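Coordinate inspection notes
Residue-level listing of the chains:
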Amino acid sequence: MVRVNPALAGYKPEKLYPLYQQLEQRLMQIPGVIGASYSIYSPMRGENWSFGIHVEGRPPDEDFDASFNRIGPHYFETLGTRLLRGRTIGAEDTPNARPAAVVNQAFVRKFFSKQDPIGRHFGMGDPSRSGDFEIVGVVEDTKYQEAREPAYPTFFMPFLQVSKDPKMAFMIGSHYIGDIELRVAGNPENLNAAVRRTLADIDPNLTNTRSDEQCTNK
């Protein structure tokens, strides 16, 4: 895992889509890297973004909180998080595609109990937005905060689907990646330096942020 912040490099939301596409492609070219993705935060980072959500078909006065993370394509595959139902977030989740979300087991237990969550909808903010996001997959629970506590109900949304809806302006901060995740074969030498060179080749300003290497080995 490498930490980076495009906001500090001066990127506006409308410039992030081509940056993220290039980032994954270039990281995969580093010798020894067999998987690459990015997110707001990674497992056991100790952070937790949460939002109030409304589930389609539930009474509009029902307001629940759920944890939230925004991720890039191949995120779960890179970390080794198992897919249990449906599909994960992929390159097909573009700005022009149907807004998608993947949820964890704790989310399903809390909001859908014995119901099938695939194809169901939920939204953030006003109850009228309860149909905004379609659940396309379910992944196993992973700890992001406290190792001794149960996993929080969590939903994951694609970085490549940046909303231009002014009513979703409160989400702008979530458009910026915080971590880069790498899956490597063996123990490549000078990996941190190679990642820094790759970031600098894309944009020298990206290397001005803190970088902490914590990679997943195959």
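Higher on the page you've got the structure.
In short, a report on the structure. On a predicted model such as this, the values are computed, not experimentally measured, just so you know.

**Digging into the side chain of asparagine 104**
With respect to the helices and strands, asparagine 104 occurs in strand S6 (residues 100-104). Here phenylalanine 107 takes part through its backbone nitrogen, which lies 2.9 Å from a polar atom of the side chain of asparagine 104. Among residues more than four places away in sequence, those in contact with asparagine 104 are Val138, Val139, Glu140, Asp141, Tyr152, Pro153, Thr154 and Phe156.

**Thoughts on the pairing of strand S10 (residues 179-184)**
Two faces, one strand: in a regular strand the side chains alternate between the faces of the sheet. Extensive coverage of S10 is indicated by the burial of five of its six residues. Two elements, strand S1 (residues 2-3) and S10, share two bridges in a ladder whose sense is antiparallel. The residue bridging arginine 3 from the neighbouring strand is aspartate 179, located in S10. Here six bridges tie strand S2 (residues 33-39) to S10, and the two strands are oriented antiparallel to one another. Considered in S10, the bridge of serine 37 is made with glutamate 181.

**Some remarks on the environment of proline 204**
Mapped onto the secondary structure, proline 204 falls in the loop between helix H4 (191-202) and strand S11 (216-217). Proline 204 gets classed as exposed once you look at its relative accessible area, which sits at 55%.

**Structural notes on helix H1 (residues 16-27)**
Here H1 contains 12 residues, and its C-alpha end-to-end distance of 16 Å stays within 8% of the 16 Å for a straight helix at 1.5 Å per residue. Every buried residue of H1 is listed here: Leu16, Leu19, Tyr20, Leu23, Glu24 and Leu27. With its buried residues spanning 125 degrees around the axis, H1 presents them on a single face. Structurally, H1 contributes buried residues whose contacts are with S2, S10 and H4.

Parameters and conventions
- Residues numbered from 1 in each chain as written.
- Predicted model: local features only at pLDDT ≥ 70, side-chain atom pairs only at ≥ 80, totals over all residues.
- Heavy atoms only, no water.
- Helix = DSSP H or I, 4+ residues; strand = E, 2+ residues; numbered from the N terminus.
- Polar contact = N/O pair within 3.5 Å; in protein donor to acceptor, adjacent residues only side chain to side chain.
- Contact = heavy atoms within 4.5 Å.
- Buried < 20%, exposed > 50% of the residue type's maximum accessible area, 1.4 Å probe, protein only.
- Pairing = 2+ DSSP bridges.
- Expected span 1.5 Å × (residues − 1).
- Arc of directions from axis to C-beta.

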